[in-house]
Amino acid sequence: FCFSFTSQLDRSSYAAVSQLVASHLLHSVQTLQQRIPQPQPHDDYVNVEGYWLRKGDQEIILPADYVLTKTVKANLKEVARVVCVRRYPVLLQGATSVGKTSLIRYLAQISGHRCIRINNHEHTDLLEYVGCYVADQHGKLIFQEGPLVNAMRGGYWVILDELNLAPTDILEALNRLLDENRELFITETQEVVKAEPGFMLFATQNPPG
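A brief look at the structure comes next. (Residues numbered from 1 in each chain as written. Predicted model: local features only at pLDDT ≥ 70, side-chain atom pairs only at ≥ 80, totals over all residues. Heavy atoms only, no water.)

### Let's talk about unusual backbone geometry
Item 1. Geometrically, the link from Q40 to P41 is a cis peptide bond, its omega value of -10° lying close to zero.
Item 2. Position of P41 relative to the elements: it lies in the loop between α3 (30–33) and β1 (45–48).
Item 3. Residue E49 is not a glycine yet carries a positive backbone phi of 50°.
Item 4. Mapped onto the fold, E49 is located in the loop between β1 and β2 (51–54).
Item 5. In this structure, R86 is a non-glycine residue whose phi angle is positive, near 60°.
Item 6. Locating R86 in the fold gives a position in the loop between α4 (70–83) and β3 (90–93). (Helix = DSSP H or I, 4+ residues; strand = E, 2+ residues; numbered from the N terminus.)

Put into structure tokens, the structure is as follows:
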């Protein structure tokens, strides 16, 4: 509820609405401040701003050059709250160069997840997401899967940068991936690809207008 109703608010309004959500749903603001017990087994999880994220299969890296300001830590906490569920896509909206993409990459590094980025523009083709037919070394046409399909099969994290610039056909193709099915239909091969449990989809965009 907090993430749904407060993500577009300024800091003062955020605090007020968070208190309202806590008082009406939990009967106490202190309930939100309670520590979440560490899941079992302990070695499979990493704590990020109070939330336990399942580790990926990559080496955990703590970037020394990433500055954790008060605002960055607050944003990191909000994103970690959703990521710990390991199911829902995340959209980060903000002005250019405020650190949307770097925040996700940092979270991926400290939790050991492989993270890939797909940049969007007005001429982005769906084939850049799902793949296309190419000729192999013998001249035979084979389907070469794109970065999004590879990420779904491998359980990677994907950042769709500047999603608001993507053409309509790409947004339509992502519909089944964004709902509870977490599936992607490849028209060229007539195959339905289901995302592995570790797969997470992130998107960034600038504010409209």
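### Concerning the pattern of salt bridges
Item 1. Following the criterion strictly, the structure yields 7 salt bridges and no others.
Item 2. As a salt-bridge pair, R153 and E145 come within 2.8 Å of each other at their nearest N and O atoms.
Item 3. Between R176 and E183 there is a salt bridge, with the nearest N and O atoms lying 2.6 Å from each other.
Item 4. Judged by its relative accessible area of 35%, R176 falls in the partly exposed class.
Item 5. Where salt bridges share partners, they join E145, R153 and E191 into one cluster. (Salt bridge = Lys/Arg side-chain N within 4 Å of Asp/Glu carboxyl O. Buried < 20%, exposed > 50% of the residue type's maximum accessible area, 1.4 Å probe, protein only.)

### Points about the packing of aromatic side chains
Item 1. What the rule picks out here adds up to 3 aromatic pairs.
Item 2. Where Y133 meets F143, the ring centres are 5.3 Å apart and the plane angle is 75°; that geometry is what we call edge-to-face. Here F143 lies in strand β6 (residues 141–145) and Y133 lies in strand β5 (residues 131–135), a separation of 10 residues in the sequence.
Item 3. What makes Y133 partly exposed here is its relative accessible area of 43%.
Item 4. We classify F143 as buried; its relative accessible area is 19%.
Item 5. In this structure, R114 packs its charged tip against the face of Y156, placed 4.6 Å from the ring centre. (Phe/Tyr/Trp six-rings, centres within 6.5 Å; stacked < 30°, edge-to-face > 60°. Lys NZ or Arg CZ within 6 Å of the ring centre and 35° of its normal.)

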